[in-house]
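Descriptive analysis of the structure
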Amino acid sequence: MAQRCSYIFHIEYYYTMSKACYDCPHIQADCDRMYCVAADGVERGVFVINRQMPGPSIQVCQGDTIIVDVKNHLASETCSIHWHGIHQVGTPYMDGVPLVTQCPISPASSFRYTFLAENPGTHFYHSHSGFQRADGVFGSLIVRQSRQKDPHSSLYDYDLPEHVMLVSDWLGELGVAKFVAHHHDDGDNKPSSMIINGKGRIPKPRNELTSNETMPLSVFNVQQGKRYRFRLISNGFLNCPIQLSVDNHTLLVIASDGGSIQPIEGIDSLIIDAGERYDFVVNADQQLSSYWIRLHGHMDCGSKKVFQAAILRYIGAPEIEPEEVLTFENTERFGKVLNPVNFAPGDDQHVTVAELKALADNLTDWTGEPDMKFYLAYDFYAVNNWHFHDSQYYPIFGVEKNHRLYTPQVNHISLRFPSSPPLSQYNSLLPDVFCNESTVSNCTEEFCECTYTLDIPLGSLVELIVIDEGVTFDATHPFHLHGSSFRVVAMERVASNVSVDQIRDMDENGQIRRNLIDAPVKDTVAVPDGGYTIIRFVATNPGYWLFHCHLEFHIEIGMGLIFKVGDHEELPPIPENFPTCGNWLL
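For the structure given in this document, a descriptive report is provided here. Every value quoted in this text rests on a predicted model; they were computed, and no experiment measured them.

Another point: the layout of surface pockets. Put simply, the second largest pocket is a space of about 890 Å³. Looking at the second largest pocket, it is lined by 37 residues, and the ones nearest its centre are Leu 99, Leu 415, Arg 416, Phe 417 and Pro 418. For the lining of the second largest pocket, the elements supplying multiple residues, two or more each, are strand 7 (121–127), strand 26 (449–456), strand 33 (543–549) and helix 5 (552–555). The greatest single-element share of the lining of the second largest pocket, amounting to three residues, is contributed by strand 26. Residue composition of the lining of the second largest pocket, by class: 17 nonpolar, 14 polar and six charged.

In structure tokens, the structure reads:
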């Protein structure tokens, strides 16, 4: 019997280690007091939902209706909530992207999100406004199937609400402070810490921590002899892929981004990129004890030596931490790794997501010749982006190297959001707001910025060849598609850097091998630096859908584009009394 599940989200400014925390961490129980947001023990301003971080976990059954009333108590900021992984079929107005699918929620205002929990799996929600996601406005969203419908139900005994793992890199300051220091001066863009389910410690060995720094860690309890499904989610926001492993245990991986896969066993560790989710089974077949869950930061977290820990505790074992002192170096686990960073195709010890295999085919045919094919190439470019340089007073090559801001763009275009959401207020916008490669020119020399939109007829089979040219920096960018999942049909790191023409030639010469049989279903995927990832989806869901890099500092300055699927007469009707917004002086 389907349920209606209602929630109220109060979004407000808050503070870690506030007076609600009393004598945390000296009295560890105080860290778990109501409204205590402990994080890694570093005092800083945050944005929170209902004075908790992560926000309330939404856990429902497939077919339930989710109703969330979001109340904005922020004094001077708008907000919105995106339901990451929910496709919003028939409800595109509920996708939560300000100035694309709705007006941002103004201070002192409320907005009701109502949508069906249609596609099952491990999802999450987060603010899609400014840096609020980096500052605490996020939480898990789990859509369960009945045991009869779940194709993997025979592989585990328990799928418990408390076995959701929500990991994120973390800062010691508000995201906007980090952002302006990096983009307007020579501040770095690297995280200083990470948290799991809102808990953690600063990245120092335990024996070097002061009593003020010895924060409680997240603990996951299991019963010896039982098999447990864990649901891992990354709310990562900077360039920090996180490697997770469990001492003395391997992982049986059964799903990613809500898509069931043919089970892959014997995984020693998996690496999760921003916006991704992985479901895995842990068999509690070891001695009664506590075991480290190790979290090791790569890329920008690697240069800062960021690591974290949680505990897998067998019920009945002493409530003490494992003996080994963790360091950045020993949190990296070797052996068989899933989703290695910038490594493709895989080998015996490296399994890329393109080598996962979907469990069951869906009903749409995605294997034929695409109706539309787009080459989407990106890198960081040396253009005079007026937001961060002035071509007269401090042009990009007129300042020292550490002050140069290279702009991340897709096809040399920065996405600038319009003044009104085109989904509900298309007639409020002038036609010249929208652009694509055919309407702009000279963008390799001059900074190009507009509402980058690609039109897709409803029902089209779309193939995206996403290319990381890899010239400026060695990075890894996870891309997320709203409104649909996709098939990951190919992935390869070609060289330290590549060009679009090179990849196009490879494709035309038959040098790219696509899996058109059982490619995995995902909605977020990383692209190897100096390589490509090829994805396919059937555009059956009319709406305006964002496709973007899920690293916060990149989408914030325009690393993405919008797919307009279908014509306006094919869109679902605009909800009654839907809020409007826009320019007064055009």
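Additional details are given in the paragraphs that follow.
Buried residues dominate strand 18 (residues 290–297), accounting for eight of its eight residues. Side chains of strand 18 alternate between two faces, with Ser 290, Trp 292, Arg 294 and His 296 and Tyr 291, Ile 293, Leu 295 and Gly 297 buried alike. For strand 18 and strand 19 (residues 307–314), the ladder comprises seven bridges, and the chain directions are antiparallel. In the strand pairing of strand 19, Arg 294 is matched with Ala 309.

Before going further, it helps to spend a moment on the state of the cysteines. Counted under the stated rule, the structure contains six disulfides. Each disulfide pairs two cysteine sulfurs, and for Cys 435 the partner residue is Cys 450, the sulfurs being separated by 1.9 Å. Taking the sign of the torsion about the S-S bond as the criterion, the disulfide between Cys 435 and Cys 450, at about 70°, is right-handed. Note that Cys 435 is positioned in strand 25 (residues 434–435) and Cys 450 in strand 26, a separation of 15 residues in sequence. According to the relative accessible area criterion, Cys 435 is buried, its value standing at 6%. The exposure class assigned to Cys 450 is buried, which follows from its relative accessible area of 10%. Sequence-ordered numbering of the bonded cysteines in the protein chain gives a pairing of 1-4, 2-3, 5-12, 6-7, 8-11, 9-10.

It is worth spelling out the sheet that holds strand 3 (residues 58–61) at this point. The strands that make up a sheet are held in pairs by hydrogen bonds between backbone atoms, and each pair lies either parallel or antiparallel. Here we have four strands laid out as an open sheet, ordered 3-8-7-5, and mixed in their pairing. Here the strands that pair on one side only, and so sit at the sheet edges, are strand 3 and strand 5 (81–84). Strand after strand, the sheet turns through a mean of 20° between neighbouring axes, direction not considered.

Let us look at a negative patch on the surface. The grouping of Asp 455, Asp 567, Glu 569 and Glu 570 at the surface amounts to a negative patch. With respect to the helices and strands, Asp 455 occurs in strand 26. Under the relative-accessibility criterion, Asp 455 is labelled partly exposed at 47%.

About the criteria used
Residues numbered from 1 in each chain as written. Predicted model: local features only at pLDDT ≥ 70, side-chain atom pairs only at ≥ 80, totals over all residues. Heavy atoms only, no water. 1 Å grid on protein atoms, 1.4 Å probe; cavity = no way out; pocket = protein on both sides within 12 Å on 5 of 7 lines; lining within 4 Å. Points joined across faces, edges and corners; volume = space filled by probe spheres on them. Helix = DSSP H or I, 4+ residues; strand = E, 2+ residues; numbered from the N terminus. Nonpolar A, V, L, I, M, F, W, Y, C, P; charged D, E, K, R; others polar. Buried < 20%, exposed > 50% of the residue type's maximum accessible area, 1.4 Å probe, protein only. Pairing = 2+ DSSP bridges. Disulfide = S-S within 2.5 Å. Axes fitted to C-alpha atoms, helices over the stretch in contact; angles between N-to-C directions. Patch = residues over 30% accessible without salt bridge, like charges linked within 9 Å, V, L, I, M, F, W, Y side chains within 5 Å. Areas by Shrake-Rupley, 256 points an atom, 1.4 Å probe, with all protein chains shown as cover. Salt bridge = Lys/Arg side-chain N within 4 Å of Asp/Glu carboxyl O. Lys, Arg positive; Asp, Glu negative; His and termini not counted. Charge placed at Lys NZ, Arg CZ, Asp CG, Glu CD.

These results come straight from atomic positions and should not be treated as a statement about function.
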